[in-house]
There are 2 protein chains.
Amino acid sequence: MDEDQIKSVTSEVLLKIKPTKETIDELDGVVASIIESVNKASSELKVDAFGKLVGSAARGTWRSGENDIDIFIMLPPDMSREELEEVGLSIAKNSASVFEERYAEHPYIRANFEGYDVDLVPCFNVDDASKIKSAVDRTPFHNDYMKCRINGLEDEVLLLKQFMGGLGIYGAELKVQGFSGYLCELLVLKYGSFQGVLLGASDWKSGQIINVEGTGTHDSKDPFLVIDPVDPTRNVAAAVSLESFSKFIDISRSFLDVPSVTYFFPIPVSPISKEALRDLLKERGTELIAIDAEIPDMIDDVLFPQLYKAEKAILRLMKRHDFKALGSGVWAGDGRALILFEMEVGKLPNIKKITGPPVTFRDRGGSFKAKHAPSPIFIEGGNYVARVPREYTNIIELLRGELDSCSLGKNLSTALRSCKILKDEDVLFEGLDLFIKGLLV
Amino acid sequence: MDEDQIKSVTSEVLLKIKPTKETIDELDGVVASIIESVNKASSELKVDAFGKLVGSAARGTWRSGENDIDIFIMLPPDMSREELEEVGLSIAKNSASVFEERYAEHPYIRANFEGYDVDLVPCFNVDDASKIKSAVDRTPFHNDYMKCRINGLEDEVLLLKQFMGGLGIYGAELKVQGFSGYLCELLVLKYGSFQGVLLGASDWKSGQIINVEGTGTHDSKDPFLVIDPVDPTRNVAAAVSLESFSKFIDISRSFLDVPSVTYFFPIPVSPISKEALRDLLKERGTELIAIDAEIPDMIDDVLFPQLYKAEKAILRLMKRHDFKALGSGVWAGDGRALILFEMEVGKLPNIKKITGPPVTFRDRGGSFKAKHAPSPIFIEGGNYVARVPREYTNIIELLRGELDSCSLGKNLSTALRSCKILKDEDVLFEGLDLFIKGLLV
C-alpha cells in the first residue's frame, strides 16, 4: 500500500467532486427559501408544522453535481395517517410551483426549485426514534445522529460515495442493491477515513457485523449486518446484495494495492457494432438470447425485483430442460425490459433419458414402464431408464413454449407473454452497449 | 399368469434344446473313452490319478448343440503345485492327440475328441471341500453335491439356461457378468422349477440372499448373494453384475406376464446400412463416437474388464470437461476393440467459467486471481469466477488430446494410444450391427 499514491489519487478526485464555496452558498440559499415556503404554507393552513433539511445536503456530504435536496415536513405525531397525507401534501404543494406527486411508503412531492430536484416528504415529528409511526419518520433521527458526528469527515464520505458510484454499488434501491449514503457515512464513522473503510473491508468475512456504537449483541443470518445506531434492531445494510458486498471487498483490496482515479471515474464504454458483437459471440462460441418486452410504466423498485425474479425463474426452467446459461442479466429503459442469457448449451438432441426407480421396486417400476410406454425402456445401473422424445431441443423453442409457466411477477407477466425473443446481434440496440459488454466479460 | 401358455412355450423350447437319447448315448461313449485314456496315461506315468466327468454333461443339464465336456484329472493332494502342473499336463497331453494348452488359475488342455470340445483340467483330489488347494478343486465337489439333487429337475435347468442365454446373461465370464450353469442349477433346486425361479426372481430385492441349504447367517454388502452349499463363505453369484441381476428380474416379470418363445430364441437383428445409421442419428439428434483400436490377442476375461474400465475412465474424462454421453458400450472381435459413445453434448463454447473461493477468503481469492490472470475475473454469488478459454470444444479433440491421460488398463493402453476415432456412420462395419442397434435403443 502506497500512502502517497492514495493521497495523490484522492486529492485529484476531491478536486472534482467537492462542492465549491459558491455552490454551497447557492444551495444554502435555495434550502432556506424552500423551508421558509414550507413554514409559511403551514401557518396559512394553521398546522403546527415546519420544514427540516435532511440527507447529504444537511450534513455537507453531497457531491458537486448532485442536485437532490430532501426536505421533510415535520407534522404533529397525534395526527392520523390520513390527516398527515392530506395536510402534508397540501403544505408541500403550496410550497412549490412545479411538482409531481410520488409514492414510496406514503405520498410525497418531487418539485423543482432553481434547477434542484427537491423531495418534500411529510412525516410525523415524534420525539423519540423508538416511537416512529412510519419508516420515513426515522430519517430525521438519522440526520440528527449523523450531523454532529460526521463533522470534519465530510471529504472521506464524498470519496467513499464516489468510489461506490464508480463500482455501480452506490444506492440502496432494488435495482442497485448497494450501499446507501447513510451506510457510507456510518462506515466512515466506524473506520475514521475513506482509506480506513477500504482497509477494513479488505478483511470483511461472510456474516460481517459492524456496530458503530458498540452496544448490544446480535444474532443474525445476514451476510452483512450494520446496526443502525438510531434503531439497533434495524440492519442498515439490509439492501446490500451478496454481489455488492463481495464486489466492494474485492475492489477495496485492488485499490489499496494499485490506487487509480479510474475506480472513481470509470472510463466510458465505447459502443459495440452489430458486426463486432457477432464476431465476439463467434469467438466465444456462444449464443446470446434476449427476452425483449414492452413494459408498463413502473418505478425501478417495483420493476427490478420482478425482473430479477423472472431471470431466476427462467434459469430454473432452463436447468429443468437441460439447457445451460454461461451468464445472464436484466436491463430496463425507455418502456422496455430485457432479460439476457449467454448460452453454454442452447441446443440438445431430440431424445433424452429419464431415470426411473430400481428394478427391484416392482410396483413403482411397473408404473414407470406404464407411464413411459411405448418409449424404449432399458436398465442402467439397476434402474429403469426410459428413452423419450425431448420436448424442447433449442432454447428459443423452450422460451416460446414455457415462458408462461414461469413465475414472472404480477406486473411483468402480461408484458412477457407478448415479448419478442431475439438472438445474437439482433439483441443489440443503442443504449444496450454498456450492459452487453458487462455481460460478455 | 397363464400356466397353460407357459407350459406350451416351455414344451416347445424343450423340443429344441433337450438332447435326444442317441446324442446322450454318443456323448456317454465319448466320455467313457476319454476317461479310459486319462486313466491309462496315469498308470503309464505311475501316478495315482483318474479322470472324472464334471459339469453339465455329468449332471444331464447340457443343452443339445453344446459340445463342451469338462473332465478333471484327479491327482494326489500331497503333490506340490509344480508337480501337479507338470504331471497333470503330461497325463492330459498323453490322453489327447490334437490339443492346445490354456491357462486359467492354472494350466489345462483344450482338446478335440470326435467333434467335442474337451477341457482336461488337473486338480487336487482332496477329501473335503474345506481342504481345497486351488479354486478348480472345488468343481468336483459342486458336481457331487448337485448330481444327486438335480435328478428329475434337468429339464427345468435346461429351460433356465436357455432363457438366460436368450437374455445375454448366461455365463460367469467377465464379458457377460451373468449366471453360471451351477448358479442356474442352484436356483432350480431352491425354487423347484423354471417357472418357480422366475416367480421368485420377480420379487427379488437389492441385497437378495439365497441359501439353498438354509443354514448359517450372512452379513453381505453384495446386491445378490447365493451361498455355495459346498463352501458357505463363497458367493456363487459374485460374478453377476447389477445389470444382469436387474435384467433377469425385469424379464422374469415380463415373461410370466406374456410368455413367448422369443425370450429363449431372440429374433436375429437385421443389418443396418450406413445410410440408415446416418438417418437414425439425425432423427435422434446425437453424434456417435467410436474409439477403434487394433488389440493384441488376449482372452475375454482379461480384455473385457479393461475395456469396461477404459469406458468408465473416458466417461469421467468427458464429465470433467463438461461433455455428456447419452449412452456408451464396448465391443470386441477379430483383433479389434471399440468403445462407443452416443453424445448428448459433444460441442461446447470456446470459453468456460471456473468458480473460485468466496471473495471473503482473501488469501485463497488472491491465489485464484493470480492463477487465472490475465483471464477476466468477476464475482458471482459471492465467489470469484474466472472466464477462461476452454481446452477442448468438441469431443473428438478431447479424445485425441486426453485419451492418454485416462487409466486404460495395462494391455490396452498401447493399443488405444494408436487408435482411430470415428464418427457417426463411419463407425459402422459388418458385425457391429447388433451392437449398434443395442446401443441406440
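Along every chain, residues carry numbers that run from 1 in the direction the sequence is written. The order in which chains are written sets their letters, starting at A; the order in which ligands are written sets their numbers, starting at 1. Two thresholds apply to this predicted model, a pLDDT of at least 70 for residue-level local features and 80 or more for giving and counting side-chain atom pairs, whereas whole-chain, interface and lining totals are computed over all residues. With hydrogens and water stripped out, all remaining heavy atoms of the structure feed into the side-chain values.

Helix and strand content of chain A: 15 helices and 15 strands. Its C-alpha atoms give chain A principal-axis dimensions of about 85 × 55 × 50 Å. Per-residue accessibility, obtained with a 1.4 Å probe over protein chains only, is compared with the maximum for each type, and a residue is labelled buried under 20%, exposed over 50%, and partly exposed between these values. Counting every position in chain A, which comprises 441 residues, the buried fraction comes to 51%. Long-range contacts, defined here as pairs at least 24 residues apart, represent 67% of the contacts in chain A between residues at least 6 apart. About 20,600 Å² of surface is accessible on chain A, with carbon and sulfur atoms providing 50% of the total. Residues scored as charged are limited to Lys and Arg (positive) and Asp and Glu (negative), so that His and the chain ends carry no count. Throughout, a charge is located at the NZ atom of Lys, the CZ atom of Arg, the CG atom of Asp or the CD atom of Glu. Here chain A contributes 52 positive and 68 negative side-chain charges, whose respective centroids are spaced 9 Å apart. Counting from the N terminus, the helices are the DSSP runs of H or I reaching at least four residues and the strands are the DSSP runs of E reaching at least two. In what follows, a contact means two residues having at least one pair of non-hydrogen atoms within 4.5 Å. Throughout, the Shrake-Rupley method with a 1.4 Å probe supplies accessible areas, and for residues the shown protein chains are the sole cover considered.

Mapping chain A onto chain B is achieved by rotating through 180° and translating by 0.0 Å along the same axis, at an RMSD of 0.2 Å. Look at the turn and shift together and you get a two-fold axis relating the two. Ranked by how close their C-alpha atoms come to the rotation axis, the residues of chain A are headed by Val-345 of chain A, at 4.0 Å. Interface overlap between copies: 100% of the residues of chain A at the interface are likewise at the interface in chain B, consistent with a symmetric, same-surface contact. Each copy is superposed on the other by least squares, with the fit set by C-alpha atoms of residues at a pLDDT of at least 70 in both.

Residues and elements named next belong to chain A. Residues form patches when they are more than 30% accessible in relative terms and have no salt bridge. Like charges link within 9 Å. Nonpolar side chains (Val, Leu, Ile, Met, Phe, Trp, Tyr) link within 5 Å. Whenever Lys or Arg places a side-chain nitrogen within 4 Å of a carboxyl oxygen from Asp or Glu, that contact is recorded as a salt bridge. A cluster of like positive charges, contributed by Lys-309, Lys-312, Arg-316 and Arg-320, occupies part of the molecular surface. As for its placement among the helices and strands, Lys-312 is situated in helix H11 (residues 300–320). Judged by its relative accessible area of 53%, Lys-312 is exposed.

Below, the discussion takes up the confidence of the model for chain A. When pLDDT drops low, the exact placement of atoms in the prediction is not to be read closely. All names here are of chain A. Across the chain, each position has a pLDDT score giving the predictor's confidence in that residue, from 0 to 100. In the predicted model, chain A carries a mean pLDDT of 92, and the fraction of residues at 70 or more is 99%. Of all the helices and strands in chain A, strand E3 (residues 99–103) carries the lowest mean pLDDT, 80, while helix H8 (residues 194–201) carries the highest, 98. Across the assembled chains, the prediction reports ipTM 0.87 with pTM 0.80.

Residue and element names in this part refer to chain A. At a minimum axis distance of 10 Å, the contact between helix H1 (residues 3–17) and helix H6 (residues 154–167) shows a crossing angle of 90°. With respect to each other, H1 and H6 are oriented roughly perpendicular. Seen from H1, the contacting residues are Thr-10, Val-13, Leu-14 and Ile-17; seen from H6, they are Asp-155, Leu-158, Leu-159 and Gln-162. Residue composition of the contact of H1 with H6, by class: five nonpolar, two polar and one charged. Axes here refer to lines fitted to C-alpha atoms; in helices the fit is confined to the stretch in contact. Angles between the N-to-C directions go from 0 to 180 degrees. Here is the rule for angles: anything less than 35 degrees is roughly parallel, anything more than 145 is roughly antiparallel, 65 through 115 is roughly perpendicular, and the remaining ranges are oblique. When residue character is reported, Ala, Val, Leu, Ile, Met, Phe, Trp, Tyr, Cys and Pro are called nonpolar, Asp, Glu, Lys and Arg charged, and the others, Gly included, polar.

All names here are of chain B. Strand order across the open sheet formed by five strands is E1-E2-E5-E4-E3, with mixed pairing between neighbours. Edge positions in the sheet fall to strand E1 (50–54) and strand E3 (99–103), since each of these pairs with one other strand and no more. Across this sheet, the average inter-strand angle for adjacent strands is 30°, counted without regard to direction. If DSSP finds at least two bridges between two strands, the strands pair.

We now examine the environment of Met-1 of chain A. With respect to the element layout, Met-1 of chain A can be found in the segment before H1. Distance from Met-1 of chain A to Leu-256 of chain A, taken between C-alpha atoms, is 5.6 Å for residues 255 residues apart in sequence.

On to the interface of chain A and chain B. It is common to give the size of an interface as the accessible area lost on bringing the parts into contact. Listed by partner, the interface residues are 47 residues for chain A and 47 residues for chain B. Buried area is understood as the total, over both parts, of accessible area removed when two parts are fitted together, assessed with a 1.4 Å probe. Summed over both partners, the interface of chain A with chain B buries about 3,500 Å², with 53% contributed by carbon and sulfur atoms. Run the count over chain A and chain B and you get six salt bridges. Taking the shortest distance from any N to any O, the salt bridge between Arg-390 of chain A and Glu-344 of chain B comes out at 2.7 Å. Here a polar contact means two N or O atoms within 3.5 Å. Within protein one must be a hydrogen donor candidate and the other an acceptor candidate, and residues neighboring in sequence count only if both atoms are side-chain atoms. Where chain A packs against chain B, one counts 26 residue pairs in polar contact (both at pLDDT 80 or more). Mapped by element, the contributors of at least two residues to the side of chain A that touches chain B are helix H9 (242–257), helix H10 (274–284), strand E10 (324–333), strand E11 (336–345), strand E12 (351–358), helix H12 (362–372), strand E13 (377–380) and strand E14 (383–389) of chain A. With nine residues, H9 of chain A is the largest single contributor of residues to the side of chain A that touches chain B.

Taken as a whole and assessed by the stated rule, the structure comprises 51 salt bridges over all chains. A salt bridge links Asp-322 of chain B to Arg-390 of chain B; the shortest N-O distance between them is 3.0 Å. With Asp-322 of chain B in the loop between helix H11 (300–320) and strand E10 (324–333) and Arg-390 of chain B in the loop between strand E14 (383–389) and helix H13 (395–402), this pair connects stretches of sequence that are 68 residues apart. A relative accessible area of 8% places Arg-390 of chain B in the buried class. Salt bridges sharing common partners tie together Glu-287, Lys-347, Lys-423 and Asp-424 of chain A.

Our next topic: the sheet that holds strand E11 (residues 336–345) of chain B. The strands making up a sheet associate through backbone hydrogen bonding, with each pair oriented either parallel or antiparallel. Residue and element names in this part refer to chain B. If you trace the four strands from one edge of the open sheet to the other, you get E10-E11-E9-E15, paired in antiparallel fashion. Among the strands making up the open sheet, the edge pair consists of E10 and strand E15 (420–423). Adjacent strand axes in the sheet meet at a mean angle of 20° when their direction is disregarded. Pairing geometry for strand E9 (residues 287–294) and E15, over four bridges, is antiparallel. Within the sheet, the bridge partner assigned to Asp-292 lies in E15 and is Lys-420.

Residues and elements named next belong to chain B. Of all nine residues making up strand E5 (residues 116–124), eight are buried, and the element is well covered by its neighbours. One ladder, built from eight bridges, connects strand E2 (residues 68–75) with E5; its direction is parallel. The partner of Ile-71 across the bridge, within E5, is Leu-120. As paired elements, strand E4 (residues 107–113) and E5 share five bridges and run antiparallel to each other. Within E5, the residue paired with Arg-110 across the bridge is Asp-119. Connecting E4 to the antiparallel partner E5 that follows it, the hairpin turn spans two residues, and Glu-114 within it adopts a positive phi of roughly 50°.

Multiplying 1.5 Å by the residue count of a helix minus one yields the expected span of that helix. For helix H9 (residues 242–257) of chain B, which comprises 16 residues, the first-to-last C-alpha distance of 23 Å matches the rise-based estimate of 22 Å (1.5 Å per residue) to within 8%. Listed as buried for H9 of chain B are Ser-244, Phe-245, Ser-246, Phe-248, Ile-249, Asp-250, Ile-251, Ser-252, Arg-253, Phe-255 and Leu-256 of chain B.

The subject of this paragraph is the packing of aromatic side chains. The aromatic pairing rule takes the rings of Phe, Tyr and Trp, using the six-membered ring of Trp, and pairs them if the centres are within 6.5 Å, calling planes under 30 degrees apart stacked, those over 60 edge-to-face and the rest tilted. By the definition in use, this model includes 34 aromatic pairs over all chains. With 5.2 Å between their ring centres and 55° between their planes, Phe-179 of chain A and Phe-248 of chain A make a pair best called tilted. Taken together, the residues Phe-179 of chain A in the loop between H6 and helix H7 (181–191) and Phe-248 of chain A in helix H9 connect sequence positions 69 residues apart. The exposure class of Phe-248 of chain A is buried, given its relative accessible area of 0%. On the numbers, 5.8 Å between centres and 5° between planes, the contact of Trp-204 of chain B with Phe-245 of chain B is stacked. Taken together, the positions of Trp-204 of chain B in the loop between helix H8 (194–201) and strand E6 (208–210) and Phe-245 of chain B in helix H9 put the pair 41 residues apart, joining distant regions of the chain.

For H10 of chain A, the full list of buried residues reads Leu-277, Leu-281 and Arg-284 of chain A. All buried residues of H10 of chain A project into a common sector of 65° when viewed along the axis, lining one side. Structural note: H10 of chain A exposes Glu-275, Lys-282 and Glu-283 of chain A on the side pointing more than 90 degrees away from its buried face. Where H10 of chain A is buried, its residues touch strand E9 (287–294), E11 and helix H15 (433–439) of chain A together with strand E12 (351–358) and E14 of chain B. Note on H10 of chain A: the residue one or two positions beyond its end, Gly-285 of chain A, has a positive phi of about 75°. What the arc covers is the set of directions going from the helix axis to the C-beta atoms.

Moving on: the pairing of E11 of chain B. All names here are of chain B. Burial of E11 is extensive: nine of the 10 residues sit out of reach of the surface. Sheet topology note: the E10/E11 ladder contains nine bridges and is antiparallel. Bridge pairing in E11 places Ser-328 opposite Phe-341.

Before going further, it helps to spend a moment on the environment of Leu-434 of chain B. Residue and element names in this part refer to chain B. If you trace the backbone, Leu-434 turns up in helix H15 (residues 433–439). Residue class for Leu-434 comes out exposed when judged on its relative accessible area of 58%. Taking C-alpha positions, Leu-434 is 19 Å from Glu-311, a pair spaced 123 residues apart along the chain.

With that settled, consider a negative patch on the surface. On the surface, Asp-48, Asp-78, Glu-82, Glu-83 and Glu-86 of chain A cluster together into a negatively charged patch. With respect to the helices, strands and loops of the structure, Glu-86 of chain A is situated in helix H4 (residues 81–95).

Cis geometry is adopted by the peptide bond preceding Pro-374 of chain A, which originates at Ala-373 of chain A and carries an omega value of 5°. With respect to the secondary-structure elements, Pro-374 of chain A resides in the loop between H12 and E13. Notably, Asp-334 of chain A is not glycine yet its phi reads approximately 50°, a positive angle. Structurally, the position occupied by Asp-334 of chain A is in the loop between E10 and E11. Owing to a relative accessible area of 82%, Asp-334 of chain A belongs among the exposed residues under this scheme. The phi dihedral of Glu-114 of chain B is positive, around 50°, even though this residue is not glycine. Structurally, the position occupied by Glu-114 of chain B is in the loop between E4 and E5. On the accessibility criterion, Glu-114 of chain B (65% relative accessible area) is exposed.

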